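Understanding the architecture of this molecule
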Amino acid sequence: MNGNYAYGILLRIAAGLFITLFAMLAFHNRYVIDDWDYLGNLDSRGVTGYVQYLYESWSGRWAAYSFTGFVVSLHRVPYSLALFNVLTLGALYLVVYSCVQLLLIRLKAPPFAPGTGLLAGVLTMSLFFSTYSKGETWFWLVHVCVYLWSIIMTLVLVRILLDPRPRTANILLIPVACLYIGGAGESFAVMAMFLLAAYGYLSNARKCNPLPMVRYITTNGKVIFMLVFLLAGFTLTMAAPGNGNRFGMLPDVPWYDTIWIFAKSCVKIFLIRIPMGLPVLLLFSVPWLWMGLSVRGEERGRSLKEVWGQVARPAIAVALVILAALVPTAVVMSELGPDRALAQVSFLVCIAMAGLCFYTGYRLKLPPAIVKLRNPMAAGMVLFIAAMLAWQYPVVSKYASAYDARW
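All figures in this text were calculated on a predicted structure; none of them were measured in a lab.

Calculation criteria
- Starting afresh in each chain, residues are numbered from 1 along the sequence in its written order.
- Since the coordinates come from a predicted model, pLDDT governs what is reported: local features require at least 70, and pairs of side-chain atoms require 80 or more to be given and counted, while whole-chain, interface and lining totals use all residues.
- With hydrogens and water excluded, all non-hydrogen atoms of the structure serve as input to the side-chain values.
- Every angle, taken between N-to-C directions, lies between 0 and 180 degrees, and every axis is a line fitted to C-alpha atoms, over only the stretch in contact when it is a helix.
- Strands here mean DSSP runs of E at least two residues long; helices mean DSSP runs of H or I at least four residues long; both are numbered from the N terminus.
- Between 65 and 115 degrees an angle is taken as roughly perpendicular, under 35 as roughly parallel, over 145 as roughly antiparallel, and anywhere else as oblique.
- Handedness of a helix crossing follows the sense of rotation of the near helix relative to the far helix, less than a right angle counterclockwise being left-handed and clockwise being right-handed.
- In this description, contact between two residues means that some pair of their heavy atoms is separated by no more than 4.5 Å.
- Definition used for salt bridges: Asp or Glu carboxyl oxygen within 4 Å of a side-chain nitrogen of Lys or Arg.
- Whether a residue is buried, partly exposed or exposed follows from its accessible area with a 1.4 Å probe, protein chains only, as a fraction of its type maximum: under 20%, in between, or over 50%, in that order.
- A helix is expected to span 1.5 Å for every residue after the first.
- Here the bend at each residue means the angle between axes fitted to two seven-residue stretches, the one ending at that residue and the one beginning there.
- Site definitions follow a grid-based scheme: protein atoms alone, a 1 Å grid, a 1.4 Å probe that fits but cannot get out for cavities, and for pockets an open set with protein on both sides within 12 Å along at least five of seven lines, plus lining residues having an atom within 4 Å of a point.
- Grid points are joined across faces, edges and corners, and a volume is the space filled by probe spheres set on the points.
- Gly falls in the polar group here, along with every residue not listed as nonpolar (Ala, Val, Leu, Ile, Met, Phe, Trp, Tyr, Cys, Pro) or charged (Asp, Glu, Lys, Arg).
- The predictor's confidence in any single residue is recorded as pLDDT, a number from 0 to 100.
- Two joining distances apply to patches: 9 Å for like charges and 5 Å for nonpolar side chains (Val, Leu, Ile, Met, Phe, Trp, Tyr), and every residue must have over 30% relative accessible area and no salt bridge.
- Throughout, the Shrake-Rupley method with a 1.4 Å probe supplies accessible areas, and for residues the shown protein chains are the sole cover considered.
- Any two rings among Phe, Tyr and Trp, with Trp reduced to its six-membered ring, count as a pair given centres within 6.5 Å; such a pair is stacked if its planes are under 30 degrees apart, edge-to-face if over 60, and tilted if neither.

**Brief notes about the packing of helix α5 (residues 116-129) against helix α11 (residues 255-295)**
It is at 9 Å that the axes of α5 and α11 come closest, and there the two elements cross at 160°. As summarised for this structure, α5 and α11 are arranged roughly antiparallel, according to the angle between their axes. Crossing hand, α5 versus α11: left-handed. Only Val280, Leu281, Phe284, Ser285, Pro287, Trp288 and Met291 of α11 make contact with α5, whose side of the interface consists of Leu119, Val122, Leu123, Met125, Ser126 and Phe129.

Spelled out as structure tokens, the structure:
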């Protein structure tokens, strides 16, 4: 593809602005009420003692609470909270980059500009902006450990499944990732076990491969290994005596109200939240269209009808997974869950949008003039992030100043 130089420069400017934005937000981040609850108990109970106290009196999320307690215990280190936020973003980027790299290897894609690392960064930006709100999971320390790190560990498992080669490190990585997912959030653990079990059923009982990018013949052992440790972590979480107190504070509604809550959740997700987020998702997913155009070889020139016919089944599968992800929240709560509890839905929609754009560029017969939109779209990303930076700086700087003045 000719003219990639300017396109690559624009994406690098966007990446630089995003790093600046995230660092600025992290620098102005402060502990909130749940985080202070940890800080207030460190001297009297210590991290282990407080996690035990929570396990017995409030919630069984032992893995996330242990991680949170460790980070809070470093509060005397200058900018420890900001460093943790940056570390979290870095961990997410690295696992996204690794997954993207393996997918391109499986596609036998030739080297292309502006590079896998930069496009993985664009996907990370898309994941951020599709889940950034006041009820988000990026900067509230307790919820970062509960939800965002559960997603990071889930992507670690995806990366292991994508790699057909046996690796000794997986013997350690799989238990760590699975125990964390099982011990950090109940709904995320249920979804992970459901998807792995569904994959095992389809690939064995039905003798089909539901994920063409994965060699299921060599993956069954990994799936079983993952399920064992996921179930172990989840069982330990659900066995906590404190769960009864926490769940007892939630409304107890009859079964027909639960069905109504689930129906309302579906309407909000599919007819309100996803359409509202589409402009930003499209803006940050279009680079995958150009990537699809650049890596396709003989697999080209198909009609729109053929392409949409091929993406219909994956789209239905994504919708069904979203529906399944809404079930635990509808059962436990009396309303659609907060943004952080729906992070897995937002991430799935974001990745599905990137995949749809990539597949469209990879398969669809597009007019040559479509490439001319590449640089304007990249410039739009630059302007969007610059506007977000200009908008957020006065907000968070005033917040941090008022917080520090009260302290």
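The structure having been displayed, the exposition proceeds.
**Some remarks on the pattern of salt bridges**
Scanning the entire structure with this criterion turns up four salt bridges. Ionic pairing is found between arginine 159 and aspartate 163, a salt bridge with its closest N-O pair at 3.0 Å. Among the residues examined, arginine 159 registers a relative accessible area of 21% and is labelled partly exposed. Taking the relative accessible area as the measure of exposure, aspartate 163 reaches 1% and is therefore buried.

**Description of helix α6 (residues 141-162)**
The first and last C-alpha atoms of α6 sit 30 Å apart over 22 residues, in line with the 32 Å expected at 1.5 Å per residue. The largest bend in α6 is about 30°, located at tryptophan 149. Taken across its 22 residues, α6 has 19 buried, putting it largely inside the fold.

**Quick look at the layout of surface pockets**
Approximately 1,000 Å³ is the volume found for the second largest pocket. Surrounding the second largest pocket, 35 residues form its lining, Thr131, Tyr132, Ser133, Lys134 and Glu136 being those nearest its centre. Those elements that provide at least two residues to the lining of the second largest pocket are α11, α13 (343-363) and α14 (374-406). A breakdown of the residues in the lining of the second largest pocket according to their chemical character gives 20 nonpolar, nine polar and six charged.

**Observations concerning the environment of methionine 193**
Its location among the elements puts methionine 193 in helix α8 (residues 186-204). Classification of methionine 193 by relative accessible area gives buried; the value is 15%. In this structure, the C-alpha to C-alpha distance between methionine 193 and methionine 226, residues 33 residues apart in sequence, is 8.6 Å. Discounting residues that sit within four places of it in the chain, methionine 193 has contacts with Leu227, Leu230, Leu231 and Phe234.

**Quick look at the side chain of glutamine 344**
Within the element layout of this structure, glutamine 344 appears in helix α13. The exposure class assigned to glutamine 344 is buried, which follows from its relative accessible area of 16%.

**A short note on unusual backbone geometry**
Negative phi is the rule for most residues except glycine; trans is the rule for most peptide bonds. For tyrosine 79, which is not glycine, the phi dihedral falls at a positive 60°. Counting through the fold element by element, tyrosine 79 comes out in the loop between α3 (62-72) and α4 (80-106).

**As for the confidence of the model for the chain**
Interpretation of the predicted coordinates at a detailed level should be avoided for regions scoring low in pLDDT. In the predicted model, the chain carries a mean pLDDT of 85, and the fraction of residues at 70 or more is 91%. Within the chain, helix α10 (residues 243-248) has the poorest average pLDDT of any element, 79, and α14 the best, 95.

**Observations concerning a nonpolar patch on the surface**
On the surface, a nonpolar cluster with roughly 380 Å² of combined accessible area is contributed by Met238, Phe247, Val327, Val331 and Val332. Ranked by the residues each element gives to the nonpolar patch, the list is headed by helix α12 (residues 304-332), at three residues. Tracing the backbone shows valine 332 in helix α12.

**Brief notes about the environment of histidine 28**
For histidine 28, the position within the fold is in the loop between α1 (4-27) and α2 (33-57). Separated by 54 residues in sequence, histidine 28 and alanine 82 place their C-alpha atoms 7.8 Å apart.

**Remarks on the packing of aromatic side chains**
Using the criterion set out here, one finds 25 aromatic pairs in the structure. Pairing tyrosine 93 with tyrosine 97 gives two aromatic rings, centres 6.2 Å apart and planes at 20°, and the pair type is stacked. With a gap of four residues between them, tyrosine 93 and tyrosine 97 both fall in helix α4, about one helical turn apart. Look at tyrosine 93 and you get partly exposed, because its relative accessible area is 27%. Relative to phenylalanine 384, the ring of phenylalanine 284 has its centre 5.7 Å away and its plane inclined at 75°; by these criteria the two rings are edge-to-face. Of this pair, phenylalanine 284 sits in helix α11 while phenylalanine 384 sits in helix α14, and the two are 100 residues apart along the sequence. Phenylalanine 384 sits in the partly exposed class, given a relative accessible area of 23%. Pairwise contacts between aromatic rings join Phe18, Phe22, Phe128, Phe129, Trp138, Phe139, Phe284 and Phe384 into one cluster.

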